[in-house]
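Each chain is listed here by its residues.
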Amino acid sequence: MALEDKYGAHNYHPLGVVIDRAEGIWVWDVEGNKYLDFLSAYSAVSAGHLNKDLKKVLIEQLEELDVPSRAFYTDKLGAFAENLCTLTSMDKMLPMNTGAEAVETAIKAARKWGYTVKGIEKDKAKILVSSGNFHGRTTTIVGFSSEEEYKSGFGPFDGGFEIVEFGNIDALEKAITPEVCAFITEPIQGEAGIIIPPEGWLKQVQALCRKNNVLFIIDEIQSGIGRTGKNFAFQHEIDKPDGLILGKALGGGIYPVSAFLAKDEVMNVFNPGSHGSTFGGNPIAAAIGLEALRILVKEDLAGKSAELGAYLKQALEDIGSGLVKEVRGAGLWIGMDIDPAKASAREVCERLKKRGLLCKETHETVVRFAPPLTITKEDVDWALIQVTQVLEEMEHEQHSSQAAE
Ligand SMILES: *Cc1c(COP(=O)(O)O)cnc(C)c1O
């Protein structure tokens, strides 16, 4: 901790636990204490830590071939691309590494489609995004964030984006002009605190975008790969978007794998030289990505997420704590809103950590629960006991201190 603190940039504020081992839903610290991982690396470790099938594929791949670059074909990328397109109902994929790179890819595709297919005047294309969005940390992406913390001090920003209220179909309709090439949004906002739009919104957005020849591009980097109780969150409401962005759990929590997917008309704007990535789609990434998809389907991670998520959400509501304003969720992806007048989300996380449950606050008021989707009901129940007891003890202390005043 001291070394990270001295030699590392302070762009994170980690909980005071040093992890050196993991297996499935569990992690251990250097002192041998065991914790239930209720964050899963922001939903990247949905298949569980060091999932044995993913580990096997990685080791086998390391016996065969590493990174020859996209200057050549390899024996792994084709099968990964085919599986990913089939599962998402998209025509083509473009592999990258991190989520932010896949979002950048989507932005480039949308703009070029705007010029070459929709016929928008040169350098006039505009992309609409949602308020409260999180799409990554590049300068372009933070430039269209509505969160001052993400963008402050990093300008100037180039423009070409306009923010519309998340979940508000009328606001979106008003913002659409002939220069708009795309609307990019998360289907449910993760970093913003598991914010769920009104029911039917995705369907309305799809219809509105079709009517106005605007691409509907969905960022499922956090919500995808089973997290919300469907393989992809858009499947709760629509057949498919025009573009889809995946990352995090696509790499099984052990390797950075991301992708932008789209219909042919959009992806065909790329030609040799127009975009690329040295590591994107390398055989290790492709082998792991393919296996992550196989596990998603074979182990019905979405079905498990739907069932246990509904159970966990109801049970959290049933605690009925006075510190909790709201419990929101879809599948095993739940935000518990802490009343800031009474307690901080950070304090809840610190206390849960002491009891062996690791989660992390997002913003000051939301505790996010996102365990690996391989978790059992028994272990969810254990976590529930910890949450219940922490909320009870905090509420009790609050009442005692009020009584003392
Ligand atoms: C995490 C995340 C990103 C950024 O992914 P990185 O791999 O950190 O670049 C983008 N969009 C959403 C919705 C995310 O949750």
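Residues numbered from 1 in each chain as written. Predicted model: local features only at pLDDT ≥ 70, side-chain atom pairs only at ≥ 80, totals over all residues. Heavy atoms only, no water.

J.: Please explain the site of the ligand as it appears in this structure.
T.: If you check the shell around the ligand, you find T98, G99, A100, F134, H135, G136, E186, D219, I221, Q222 and K248 and nothing else. Take G99: an N or O atom from its main chain is 2.8 Å from an oxygen atom of the ligand. Here an oxygen atom of the ligand and a side-chain polar atom of K248 are 2.6 Å apart. The fraction of the free accessible surface of the ligand (380 Å²) that becomes covered by protein chains is 81%. Here the residues of the shell around the ligand are counted per class, giving three nonpolar, five polar and three charged. (Near = heavy atom within 4 Å. Polar contact = N/O pair within 3.5 Å; in protein donor to acceptor, adjacent residues only side chain to side chain. Areas by Shrake-Rupley, 256 points an atom, 1.4 Å probe, with all protein chains shown as cover. Nonpolar A, V, L, I, M, F, W, Y, C, P; charged D, E, K, R; others polar.)

J.: I'm lost on the sheet that holds strand β14 (residues 360-362) in this one. Help?
T.: The strands making up a sheet associate through hydrogen bonds between their backbones, and the pairing can be parallel or antiparallel. Within the open sheet, the four strands sit side by side as β11-β12-β15-β14. Their pairing is antiparallel. Each having just a single partner strand, β11 (324-329) and β14 make up the two edges of the open sheet. Averaged over all adjacent pairs, the angle separating strand axes in this sheet is 30°, with direction ignored. As judged from the four bridges shared by strand β12 (residues 334-338) and strand β15 (residues 366-369), these two strands associate in the antiparallel manner. Bridge assignment links D337 to a residue of β15, and that residue is V366. (Pairing = 2+ DSSP bridges. Helix = DSSP H or I, 4+ residues; strand = E, 2+ residues; numbered from the N terminus. Axes fitted to C-alpha atoms, helices over the stretch in contact; angles between N-to-C directions.)

J.: Help me out: how do you make sense of the pattern of salt bridges in this one?
T.: Pairs can form between side chains of opposite charge whenever their charged atoms are close. Counted under the stated rule, the structure contains 24 salt bridges. A salt bridge links K76 to D75; the shortest N-O distance between them is 3.1 Å. On the basis of relative accessibility, which here comes to 57%, the residue D75 falls in the exposed class. Between R351 and E397 there is a salt bridge whose closest N-O contact spans 2.8 Å. Of this pair, R351 sits in helix α13 (residues 345-354) while E397 is found in helix α14 (residues 377-404), placing the two residues 46 residues apart along the sequence. The network of salt bridges with shared partners includes E347, R351, R355, E393 and E397. (Salt bridge = Lys/Arg side-chain N within 4 Å of Asp/Glu carboxyl O. Buried < 20%, exposed > 50% of the residue type's maximum accessible area, 1.4 Å probe, protein only.)

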